[in-house]
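Fold and contact review
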Amino acid sequence: MPELPDIVVYIEALEKRILGQRLEHVRIASPFLLRTATPPVAEAEGKTVVRLRRLGKRICIALDNDLWLVLHLMIAGRLHWKKRGVKVSPPRGLAAFDFANGTLLWTEAGSQKRASLHLVAGEDGLAALDPGGLEVLDANLEQFAASLTSANHTLKRALSDPRLFSGIGNAYSDEILFEARLSPLALTQKLKPEEIERLFAATRTNLTAWTERL
């Protein structure tokens, strides 16, 4: 599943292509994709993309009138930039977002259909989708330690819990723990202060380094 570094890079690539562009049409091919009914997805059509941001492991596309398209790729979802009007071919093709300069095509490998699209209104609508995890790159050591030790979980579970930390999953938690030289089975409330500090540094270093590499 794409995690913080992957989502940041996706957003940077999308900004170059769709920021300031008018969303002409939304074509949804999979009945499993759209998870909201209000506002109707047709309201997104004709609106201009004014901002992009990350919400945990989700890509959020802001439109006029304070509408947000929220994309969760899950494990097998991928975004592709194609010629305008490209065909959406089920079962891999989920949706297409048509702009004057091209089409953003959303696909998903496999048959489990875990990817999801929400259309929500305003910051309140976004907040309802936010698991509430700490943004480690914006936090200090004390905030990180408080979130980490708020319950006595294994380190692997704590790092990948979206209610504790934003944007970290299985892949990058492994990288972080390897660099911090800590067992994934170590319990959070049993860690020494120097181990928490080492983990905090490894988390920030890995997320930043992988974003730059990608």
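The coordinates are above.
Description of the structure in this document. (Residues numbered from 1 in each chain as written. Predicted model: local features only at pLDDT ≥ 70, side-chain atom pairs only at ≥ 80, totals over all residues. Heavy atoms only, no water.)

Looking at helix H5 (residues 170-180), one finds that the buried residues are Tyr-172, Ser-173, Ile-176, Leu-177 and Ala-180. When H5 is viewed along its axis, its buried side chains cluster within an angular range of 135° and face the same direction. Across H5 from its buried face, at more than 90 degrees, point the exposed residues Asn-170 and Phe-178. For H5, the elements touching its buried residues are helix H1 (4-18), helix H4 (155-159) and helix H6 (193-213). Immediately downstream of H5, the backbone of Arg-181 shows phi near 60°, a positive value. (Buried < 20%, exposed > 50% of the residue type's maximum accessible area, 1.4 Å probe, protein only. Helix = DSSP H or I, 4+ residues; strand = E, 2+ residues; numbered from the N terminus. Arc of directions from axis to C-beta. Contact = heavy atoms within 4.5 Å.)

Further remarks concern unusual backbone geometry. Between Thr-38 and Pro-39 the backbone carries a cis peptide bond, its omega angle lying at -5°. In this fold, Pro-39 is placed in the loop between strand E1 (23-28) and strand E2 (49-55). For the peptide bond that leads from Pro-90 to Pro-91, omega is 5°, which places it in the cis range. By secondary structure assignment, the location of Pro-91 is in the loop between strand E5 (77-82) and strand E6 (93-99). With a phi close to 60°, Asp-66 is a non-glycine residue in the positive phi region. The topology assignment puts Asp-66 in the loop between strand E3 (58-63) and strand E4 (67-72). A positive phi is found at Lys-113, a non-glycine position, where the angle reads about 55°. Inspection of the secondary structure puts Lys-113 in the loop between strand E7 (102-108) and strand E8 (116-121).

H6 packs onto helix H3 (residues 141-148) with a crossing angle of 105° between their chain directions and a minimal axis gap of 10 Å. Of the possible angle classes, the one that applies to H3 and H6 is roughly perpendicular. Taken together, the residues of H6 that come into contact with H3 (itself represented by Leu-141, Phe-144, Ala-145 and Leu-148) are Ile-196, Glu-197, Leu-199, Phe-200 and Thr-203. (Axes fitted to C-alpha atoms, helices over the stretch in contact; angles between N-to-C directions. Parallel < 35°, antiparallel > 145°, perpendicular 65-115°, else oblique.)

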